[in-house]
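As a plain string of letters, each chain reads:
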Amino acid sequence: MTSLERLVHMLNQIATNLATDPDPVTATAEHIHLFWDPRMKQMILESNREGLSPVAATAVQRLAQAHAAA
């Protein structure tokens, strides 16, 4: 399993664990923002997002938009 595949797997698990949150996309994006190492965030932001669940993919999209605006 490559590093990117591990990140995709982890991110999908996080999104699944936060599925009962009132806003799972925001909760997932916030978790990544707060707890992921900058290198991990950069790798997932630069990926094609293949294999991500819809919630995880939308969370990454929000992070990418926030990153671009900063």
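Quick note: structure is the one above.
In this report, the structure presented in the accompanying data block is examined. Everything numeric in this text was worked out from a predicted model, so none of it was measured.

**Some points on the overall build of the chain**
Logical step 1: When its secondary structure is counted, the chain shows four helices and zero strands.
Logical step 2: Put simply, the chain runs from its N terminus to its C terminus through helices and strands in the order α-α-α-α.
Logical step 3: Its C-alpha atoms give the chain a radius of gyration of 11 Å, near enough to 11 Å, the size a compact globule of 70 residues would have.
Logical step 4: Seen through its principal axes, the chain has C-alpha atoms that stretch 30 × 30 × 20 Å.
Logical step 5: Expressed as a percentage of its 70 residues, the buried residues of the chain come to 30%.
Logical step 6: In the chain, of all internal contacts separated by at least 6 residues, the share reaching a separation of at least 24 is 63%.

**Quick notes on the layout of surface pockets**
Logical step 1: For the largest pocket, the calculated volume is near 150 Å³.
Logical step 2: When contributions to the lining of the largest pocket are tallied by element, the ones reaching two or more residues are helix H3 (38-46) and helix H4 (54-69).
Logical step 3: It is H3 that contributes the most residues to the lining of the largest pocket, four residues altogether.

**Remarks on the pattern of salt bridges**
Logical step 1: Tallied over the full model, the rule gives one salt bridge.
Logical step 2: The partner of Asp37 in a salt bridge is Arg39, with the nearest N and O atoms 2.9 Å apart.

Procedures and definitions
- Sequence order as written defines residue numbering, which begins from 1 separately in each chain.
- Local features in a predicted model are, by the rule used here, given only for residues with pLDDT of at least 70; side-chain atom pairs are given and counted only at 80 or more, and totals for whole chains, interfaces and linings are based on all residues.
- Based on all heavy atoms of the structure, the side-chain values leave hydrogens and waters out of the count.
- Numbering of helices and strands starts at the N terminus; helices are DSSP runs of H or I of at least 4 residues and strands are runs of E of at least 2.
- Between the two quantities, the radius of gyration covers C-alpha atoms and the globule rule is 2.2 Å times the number of residues to the power 0.38.
- Type-normalised accessible area, obtained with a 1.4 Å probe on protein chains alone, sets the label of each residue: buried when under 20%, exposed when over 50%, and partly exposed for intermediate values.
- By the convention used here, residues are in contact when the closest approach between their heavy atoms is within 4.5 Å.
- Method remark: on a 1 Å grid restricted to protein atoms, a set of points is classed as a cavity if a 1.4 Å probe fits but cannot get out and as a pocket if it is open with protein on both sides within 12 Å along at least five of seven lines; lining residues have an atom within 4 Å of a point.
- Grid points are joined across faces, edges and corners, and a volume is the space filled by probe spheres set on the points.
- Between Lys or Arg on one side and Asp or Glu on the other, a salt bridge is scored when a side-chain nitrogen of the former is within 4 Å of a carboxyl oxygen of the latter.

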